[in-house]
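If you want the building blocks of each chain, they are given just below.
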Amino acid sequence: MQNTIKSSISFTGKGLHSGAPATVTVRPAGAHHGIWFSRSDVLVGDRLIPARWDAVNRSPLCTKLENASGLAVSTVEHLMAALAGCGIHNAMIDIDGPEVPILDGSAIPFVRGFMQRGIRQLSAPVMAFEVLKTVTVRDGEATATIAPADTLRIDFEIDFTDAAIGHQKKSLVMNNGSFARELCDSRTFCRQADVDAMQANGLALGGDSGENAVVFDGDRVISPGGLRYADEPVRHKMLDALGDLALAGAPILGHYTGFRAGHSLTNTLLRALFATPGAVRLITCDAQTAARLPGAGLIWDEIPQVA
């Protein structure tokens, strides 16, 4: 069945790129509502923004949603990953600014908050997108592919010249609580040279090495406290991919493979998937199918403890 959160919960922090303070409040919603953002700081005009692939204003640095009136909310990917990873299909999200707070740079504050509040089952069956044809998109050396599968599987591969990151690969099936157990505490990361360039251009103003991001410089991890996992970067890329795929509007049954892929390319993949005749269909999930969706089998005691 479809799920929502049992009661509202708020998260307060600063935006990664804007540095501006913001509070985001996730509220319960009824069946078939889906995920929507509402800009509570906007008093005139359409302040509702759908969390959907066709509302994405593509950017290489984060996932930005924009409605027909041009009102936007950015850096939604970690929150969307947490909603998907906890099996929450319906929610209204109030936010008092243009960027979701980065918190610790991962999705674990959202996951622990949602699970503490609890998940409420609704009286309607969950729908899912079943991938029927393989679709691939490319941007230079980067590729993203979605192929038929009976569950959501994410394979990701990254390759950086920085020795501290290097070449990393990981593969996970997203049910049985694997997102919360394996990925949700992996933080956003970047190279020191990229931080310098972004901040010179008025971006990453809220970034703080060790507080909400992992920063690398050649063969060094310069963030205090080091890494949570030896392969934390590729795990975070998988977290991002789940959040971006959640913008399909329903869970996906398919095998996603990303090589050097980012937010923009994953959105390009969704656009190509829905534009390809016969590539995907919306199905009503029975109990066996629902057990293979992200969020199924999540156990509180398996969620990592983070100081």
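Everything in this summary refers to the structure shown in the same document. Source: prediction; values computed, not measured.

### Comments concerning the packing of aromatic side chains
At step 1: Taken as a whole and assessed by the stated rule, the structure comprises eight aromatic pairs.
At step 2: Taken together, a centroid distance of 5.7 Å and an interplanar angle of 70° make the contact between Phe-160 and Phe-189 edge-to-face. Here the residue Phe-160 occupies a position in the loop between strand 13 (152-159) and strand 14 (167-173), and Phe-189 occupies one in strand 15 (residues 189-191), the gap between them amounting to 29 residues.
At step 3: In this structure an aromatic cluster arises from ring pairing among Phe-11, Phe-110 and Phe-114.
At step 4: A cation over a ring is seen here: Arg-235 above Tyr-229, with NZ or CZ 3.9 Å from the ring centre.

### Here's the deal with helix 1 (residues 77-85)
At step 1: Extensive coverage of helix 1 is indicated by the burial of nine of its nine residues.
At step 2: Glu-77, His-78, Leu-79, Met-80, Ala-81, Ala-82, Leu-83, Ala-84 and Gly-85 are the residues of helix 1 that are buried.
At step 3: Gly-87 lies just past helix 1 and shows a positive phi near 70°.

### Notes on the packing of helix 5 (residues 232-245) against helix 6 (residues 263-275)
At step 1: Where helix 5 meets helix 6, the axes come as close as 10 Å, and the angle between the chain directions of the two elements is 40°. Considering only the axes of helix 5 and helix 6, their crossing is right-handed. Touching Asp-240, Ala-241, Asp-244 and Leu-245 of helix 5 are His-263, Thr-266 and Leu-270, all from helix 6.
At step 2: Along the lines of polarity and charge, the residues of the contact of helix 5 with helix 6 split into three nonpolar, two polar and two charged.

Parameters and conventions
- Residues numbered from 1 in each chain as written.
- Predicted model: local features only at pLDDT ≥ 70, side-chain atom pairs only at ≥ 80, totals over all residues.
- Heavy atoms only, no water.
- Phe/Tyr/Trp six-rings, centres within 6.5 Å; stacked < 30°, edge-to-face > 60°.
- Helix = DSSP H or I, 4+ residues; strand = E, 2+ residues; numbered from the N terminus.
- Lys NZ or Arg CZ within 6 Å of the ring centre and 35° of its normal.
- Buried < 20%, exposed > 50% of the residue type's maximum accessible area, 1.4 Å probe, protein only.
- Axes fitted to C-alpha atoms, helices over the stretch in contact; angles between N-to-C directions.
- Left-handed = near helix turned anticlockwise from the far one by under 90°.
- Contact = heavy atoms within 4.5 Å.
- Nonpolar A, V, L, I, M, F, W, Y, C, P; charged D, E, K, R; others polar.

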